[in-house]
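# Summary of the model geometry
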Amino acid sequence: SLSAKTKRFFHSANVICADVEGTSYTNAQDYISKLSLTPTFWHTTFSNELSGKGCRFRMVYVLDEEIKGEKDFYNYVNIFNTRIEKEVGEYSLDHCNLYPNQYYNGTCTSNPNLVVDGGISNCIYSLSDICGEINESDIERERQQQHTIVEWENADKIEMSKYLINAMEQNSYDDFMK
């Protein structure tokens, strides 16, 4: 049940998902063509091209090993997100993927009002493929720098993400609110 989908029950993951929203690319294929690693599979999301929202899709990378523990999950995914955004040249990821208890819905392919697309590469990746060669000092540095500040032991403390602040600074109010 969804009531058990909390970070306190998280054990491990062998997938990394990334939702692309607010991209300047007009379609997922052009965006994905800029990446050095093709997603294991991808699909457009429910809000793809609805109400002027533009191209929106989810990329899923399947790993051949587990990421254990929520802190390491956060840190590996943060490194992955940074890589993706550098390769495509824009901040277009929804950083909700940093949290292992994120819930993902699919897309109803039978709805004629939706613009549905997707692709499968069947590639399975290692963590070193996804994040490069990372050693314990890299992970420790990520833990200390925490791009999005989250107090893991005190989940009541919430601060603004640097990605959110960057998006606010680089866009007009109307563009930011889309």
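Residues numbered from 1 in each chain as written. Predicted model: local features only at pLDDT ≥ 70, side-chain atom pairs only at ≥ 80, totals over all residues. Heavy atoms only, no water.

### Section: the overall build of the protein chain
Short version of the rule: Put simply, DSSP marks the helices as runs of H or I at least four residues long and the strands as runs of E at least two long, and each gets a number from the N terminus on. Here the term buried applies to any residue with accessible area under 20% of the maximum for its type, exposed to any over 50%, and partly exposed to those in between, with areas from a 1.4 Å probe on protein chains only. Here, Shrake-Rupley sampling with a 1.4 Å probe gives the accessible areas, and only protein chains in the shown set may cover a residue.
If you tally the helices and strands in the protein chain, you get six helices and six strands. Reading the protein chain from its N terminus to its C terminus gives the helix and strand order β-α-β-β-α-β-β-β-α-α-α-α. The burial tally for the protein chain puts 40% of its 178 residues in the buried class. With the model as given, the accessible surface of the protein chain reaches about 10200 Å², and the carbon-plus-sulfur share is 50%.

### Side note on the pattern of salt bridges
We count it as follows: Salt bridge, as used here: a side-chain nitrogen of Lys or Arg that lies within 4 Å of a carboxyl oxygen of Asp or Glu.
The tally for this structure, following the rule as stated, stands at four salt bridges. Residues arginine 58 and aspartate 19 are paired through a salt bridge, measuring 2.6 Å at the closest nitrogen-oxygen approach. Of the two residues, arginine 58 sits in strand β3 (residues 57–68) while aspartate 19 sits in strand β1 (residues 12–20), which places them 39 residues apart along the sequence. Overall, aspartate 19 belongs to the buried group, its relative accessible area being 7%.

### Some details on the pairing of β1
Which entries qualify depends on this criterion: A pair of strands is considered paired only if DSSP assigns at least 2 bridges between the two.
Inspection of the sheet shows β1 paired to β3 by eight bridges, in the antiparallel sense. Directly across from alanine 18, in β3, lies its bridge partner methionine 59. Looking at chain direction, β1 and strand β4 (residues 93–94) are connected through two bridges and run antiparallel. Paired with valine 20 across the strands is leucine 93, a residue of β4.

### Comments concerning the pairing of β3
Pairing analysis gives four bridges linking strand β2 (residues 41–44) to β3, with the strands arranged antiparallel. From the neighbouring strand, tryptophan 42 faces β3, where its bridge partner is methionine 59. Here β3 runs beside strand β6 (residues 124–125); their pairing, made up of two bridges, is parallel. When the bridges of β6 are listed, valine 62 appears paired with isoleucine 124.

### Overview of the packing of aromatic side chains
As a reminder of what qualifies: Here the aromatic set is Phe, Tyr and Trp, taking the six-membered ring for Trp, and pairing holds for ring centres within 6.5 Å; pairs whose planes are under 30 degrees apart are stacked, those over 60 apart are edge-to-face, and all others are tilted.
With the rule as written, the count across this model stands at seven aromatic pairs. Clustering of aromatic rings is evident, with ring pairs tying together Tyr25, Tyr31, Trp42 and Phe57.

### Examining the confidence of the model for the protein chain
Operational definition: The quantity called pLDDT is the predictor's confidence in a given residue, expressed from 0 to 100. Only heavy atoms matter for contacts: two residues are in contact if any of them lie within 4.5 Å across the pair.
Taken as a whole, the protein chain shows an average pLDDT of 76; of its residues, 66% reach a score of 70 or greater. When mean pLDDT is compared element by element in the protein chain, β6 scores highest at 94, while helix α4 (residues 136–145) scores lowest at 58. Ignoring residues within four places in sequence, the model shows residues 147–158, a span with pLDDT below 50, making 21 contacts including any to other chains.

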